[in-house]
Amino acid sequence: MERAPSLRAGAVSGTETHRRMRHMVEDYRDVTEPEIVSIHYNCSQPPHPLSEQLFEQFQEACMIIENDVPAIAFIPTDSTTQDGHEVTSLLMVQAKKDGRCYVRGVGRQVPYSRMNLAPDFGRSGPSVGNIIHELCHVLGMKHEHQRDDRDGFVNLPKELEKSHNHKKVADVHFGRYDTASIMHYPTCRGTDCAERMTAGPRAWSTPGQRVQLSNQDKLFLNRLYPPVPSNMYNPERSRHTGRWYCGRRVMEENNYPFGCIGCDGRCGPNNGPNCPACIMYGVSQGDEFPLVLGDDGYGSHSTQGETGLMYCGQRMKKKSSIHNGVCGPNNGPNCRECRQLLG
Ligand SMILES: [Zn+2]
Ligand SMILES: [Zn+2]
Ligand SMILES: [Zn+2]
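Because the structure is a prediction, the values reported are computed rather than measured. (Residues numbered from 1 in each chain as written. Chains lettered and ligands numbered in written order. Predicted model: local features only at pLDDT ≥ 70, side-chain atom pairs only at ≥ 80, totals over all residues.)

This part takes up the overall build of the protein. Within the protein, the regular secondary structure consists of seven helices and 14 strands. Considering the protein as a whole, with its 343 residues, one finds that 39% of them fall into the buried category. Excluding contacts between residues fewer than 6 apart, the proportion of contacts in the protein whose partners are at least 24 apart in sequence is 63%. (Helix = DSSP H or I, 4+ residues; strand = E, 2+ residues; numbered from the N terminus. Buried ≥ 20, exposed ≤ 12 C-beta atoms within 10 Å, placed from the backbone. Contact = placed C-beta atoms within 7 Å.)

The structure is reproduced here in structure tokens:
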């Protein structure tokens, strides 16, 4: 039976998502067949090569993204050719002491993407999280706080509102406003915040973390770079739930920043919520996004949230310290009926 379109508040159809993302991501390529996308980088160019320690951190950031986004492969190179092919978009990374971390332009630039990781950034130089943030720009992501629907989630003082890195430029969105996204600037807490960005009343987590990609960050990147099976990532479709599962231990923070929910920290291997990469692998194989299950013919159904769990948005009986009494609709624990949907 054909299902009716699964539009819920805040959700957009696959076609609409696709159209919006084409605008949002500057170097978006129309990928019909998933393929490994190699990002060649060079960190040793004079006059500002990365120190050994900074280079190690850079590599760690690359590995984290490769783990979360299986279609991405970061490859060190010291020339503009690789295996006889010209590298058309080389990521040049330098460590110039100007107190700042940045990339020039969002998306991969031809012939060079340029990144600076200042050793004198902040108190102790760039963290791995800072580097992940910059790499996400290279992969096509803009700042979350520059979304034009940010009002209420972040507050900006008048002087900042129109500045280059704060003005509203992201007019197309992937999913709900994501206060957990790594693509924010840190927000000011405590006193003395008059001239800085602060969390707004609608923020559901503290914006500005540099710990990891949020679940929505992961979903977005895997939508842009659909996963490719390999030795490291080998999803299988479960006969129990019809979902794809890779079996990897990548769900320990599936309710980030509130820990793990509804699983044992692994993606599958046979049932339960699946990881963002597997959700998007399913989409590349023809699954709908977001997934809707349990339609009873009377309009009651559940939609897959950022945690990989199913949510119906209905009131639940219990409220608790970790729960506001509603099943989802994006994260947190779900109701018993929704739990049963993924076995
Ligand atoms: Zn940035
Ligand atoms: Zn998975
Ligand atoms: Zn429910």
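A few words on helix H5 (residues 215-224). Among the 10 residues that make up H5, 10 are buried, leaving the element largely enclosed by the rest of the structure. Every buried residue belonging to H5 is among Asn215, Gln216, Asp217, Lys218, Leu219, Phe220, Leu221, Asn222, Arg223 and Leu224, and all of these are buried.

Within a beta sheet, neighbouring strands are joined by backbone hydrogen bonds and run either parallel or antiparallel to one another. Strand order in this open sheet of three strands is E12-E13-E14, and the pairing throughout is antiparallel. This sheet does not close on itself; its edge strands, each paired only once, are strand E12 (292-293) and strand E14 (310-311). Relative to E14, strand E13 (residues 302-304) runs antiparallel, the two sharing two bridges. Bridging across to E14, Gln304 finds its partner in Met310. (Pairing = 2+ DSSP bridges.)

Take the sheet that holds strand E6 (residues 101-103) next. Strands sit in the order E2-E1-E5-E7-E6 across an open sheet of five strands; the sheet is mixed. On the outer flanks of this sheet lie strand E2 (72-76) and E6, each paired with one strand and no other. Shown here is a sheet whose adjacent strand axes are inclined to one another by a mean of 25°, direction ignored. Here three bridges tie E6 to strand E7 (residues 112-117), and the two strands are oriented antiparallel to one another. Pairing of Tyr102 across the sheet is with Asn116, part of E7. (Axes fitted to C-alpha atoms, helices over the stretch in contact; angles between N-to-C directions.)

Where strand E1 (residues 37-42) meets E2, five bridges bridge the pair, whose relative direction is parallel. Bridging from a neighbouring strand, Tyr41 pairs with Pro76 of E2.

Looking now at the environment of Ile131. Tracing the chain through its elements places Ile131 in helix H3 (residues 128-138). Ile131 sits 72 residues away from Gln59 along the chain, and the two C-alpha atoms are 9.5 Å apart. In this structure Ile131 touches Gln57, Phe58, Ala61, Leu117 and Pro126, once residues within four positions along its chain are discounted.

In terms of nonpolar packing, the biggest core is built from 51 residues, with Val93, Ile132, Leu135, Ala277 and Cys278 touching the most fellow members. Elements supplying a minimum of two residues to this core: E1, helix H2 (52-68), strand E5 (90-94), E7, H3, H5, strand E11 (244-245) and helix H6 (276-284). Here this core gets six residues from one element, more than from any other, and that element is H6. In terms of domain composition, this core takes at least three residues from each of domain 1 (37-138) and domain 2 (235-343). For Val93, the residues in contact, after removing those within four places along its chain, are Tyr41, Asn42, Cys43, Leu50, Phe58, Met115 and Leu117. Core analysis: the second largest hydrophobic core is formed by nine residues, Cys327, Cys335, Cys338 and Leu342 among them. (Core = buried A, V, L, I, M, F, W, Y, C linked by C-beta atoms within 7 Å. Domains from an automatic or database assignment.)

With that settled, consider the confidence of the model for the protein. Residues of the protein with pLDDT of at least 70 account for 88%, and the chain-wide mean is 87. Taken as a whole, residues 1-14 scores under 50 in pLDDT and shows 16 contacts with residues more than four places along the chain or in a different chain. For residues 26-30, every residue scores under 50 in pLDDT, and the model assigns this stretch 10 contacts once sequence neighbours within four places are set aside. (pLDDT = per-residue confidence, 0-100.)

Contact geometry for H2 and H3: axes closest at 9 Å, N-to-C directions at 60°. Comparing their axes, H3 and H2 come out oblique. The element H2 and its partner H3 pack so that their crossing is right-handed. Contacts between H2 and H3 pair Gln57, Phe58, Glu60, Ala61, Ile64 and Ile65 from the former with Val128, Ile131, Ile132 and Leu135 from the latter. Classifying every residue of the contact of H2 with H3 gives eight nonpolar, one polar and one charged. (Parallel < 35°, antiparallel > 145°, perpendicular 65-115°, else oblique. Left-handed = near helix turned anticlockwise from the far one by under 90°. Nonpolar A, V, L, I, M, F, W, Y, C, P; charged D, E, K, R; others polar.)

Attention shifts here to unusual backbone geometry. In this structure, the amide linkage connecting Pro46 to the following residue, Pro47, adopts the cis form with an omega of 5°. By the secondary structure assignment, Pro47 is in the loop between E1 and H2. With omega at 5°, the peptide bond leading from Tyr256 into Pro257 counts as cis. In this structure, Pro257 sits in the loop between E11 and H6. Notably, Asp192 is not glycine yet its phi reads approximately 65°, a positive angle.

Below, the discussion takes up the pairing of E7. Bridge count between E5 and E7: five bridges; the pairing is parallel. Looking at E7, one finds that Val93 is bridged to Met115.

Here the focus is the packing of H5 against H6. Geometrically, a packed helix pair is captured by the angle between its two axes and the distance between the axes. Contact geometry of H5 with H6 gives a least axis separation of 8 Å together with a crossing angle of 35°. For the pair H5 and H6, the crossing hand works out as right-handed. Contacts between H5 and H6 pair Asn215, Lys218, Leu219, Asn222 and Arg223 from the former with Pro276, Ala277, Ile279, Met280 and Val283 from the latter.

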